[in-house]
Amino acid sequence: MLGAGLRLVRSVGILGAELAVDATRLVGLDDLVDIRPRQFRRLLLTFEDSIQGKIPEILGDDEGERVATLVRLLRGTSEEDLTALISDLQEALARLDRERASLCSR
């Protein structure tokens, strides 16, 4: 029962966020609504269970769409930040690999 309640709250939250974004676009307030990175990270982590295992699907239906989405999201990022991001991704993948290996060895 608790799980169903949490899914309902999450669904309402998603709907509310989508409506807020659509409303700001409708009245031309895109430039006035600026979510800070920390707030955006918290929002993403709120939906962690829904996102896990679905990153490719979220980014796009095929390689071309996923690449185009990543280009849009990364546009404007400095070379220095891209280099740091690639390094962080490599570390995250290594950590994930260690976690999976640990689970398999149990």
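Further up the page is the structure itself.
Residues numbered from 1 in each chain as written. Predicted model: local features only at pLDDT ≥ 70, side-chain atom pairs only at ≥ 80, totals over all residues. Heavy atoms only, no water.

Participant: Can you walk me through the pattern of salt bridges in this structure?
Facilitator: Tallied over the full model, the rule gives 1 salt bridge. Across the pair arginine 98 and glutamate 91 runs a salt bridge, and its minimum N-O distance is 3.4 Å. Arginine 98 gets classed as partly exposed once you look at its relative accessible area, which sits at 48%. (Salt bridge = Lys/Arg side-chain N within 4 Å of Asp/Glu carboxyl O. Buried < 20%, exposed > 50% of the residue type's maximum accessible area, 1.4 Å probe, protein only.)

Participant: Is there a simple way to think about a negative patch on the surface in this case?
Facilitator: On the surface, Glu57, Asp61, Asp62, Glu63 and Glu65 cluster together to form a negatively charged patch. On the secondary structure map, aspartate 61 appears in the loop between helix 4 (55–59) and helix 5 (63–74). The exposed category is assigned to aspartate 61, whose relative accessible area is 68%. (Patch = residues over 30% accessible without salt bridge, like charges linked within 9 Å, V, L, I, M, F, W, Y side chains within 5 Å. Areas by Shrake-Rupley, 256 points an atom, 1.4 Å probe, with all protein chains shown as cover. Lys, Arg positive; Asp, Glu negative; His and termini not counted. Charge placed at Lys NZ, Arg CZ, Asp CG, Glu CD. Helix = DSSP H or I, 4+ residues; strand = E, 2+ residues; numbered from the N terminus.)

Participant: It is not clear to me how helix 5 should be interpreted in this structure. Could you clarify?
Facilitator: Because each turn of an α-helix spans 3.6 residues, side chains separated by three or four positions in sequence point in the same direction. In this model, helix 5 (12 residues) spans 16 Å end to end at C-alpha, consistent with the 16 Å of a helix rising 1.5 Å per residue. Just past helix 5, the residue glycine 76 takes up positive phi, approximately 90°. (Expected span 1.5 Å × (residues − 1).)

Participant: So what exactly am I meant to see when it comes to a positive patch on the surface here?
Facilitator: Where like charges cluster on the molecular surface, the positive patch consists of Arg36, Arg38, Arg41 and Arg42. Inspection of the secondary structure assignment puts arginine 42 in helix 2 (residues 37–46). Its relative accessible area of 52% is what places arginine 42 among the exposed residues.

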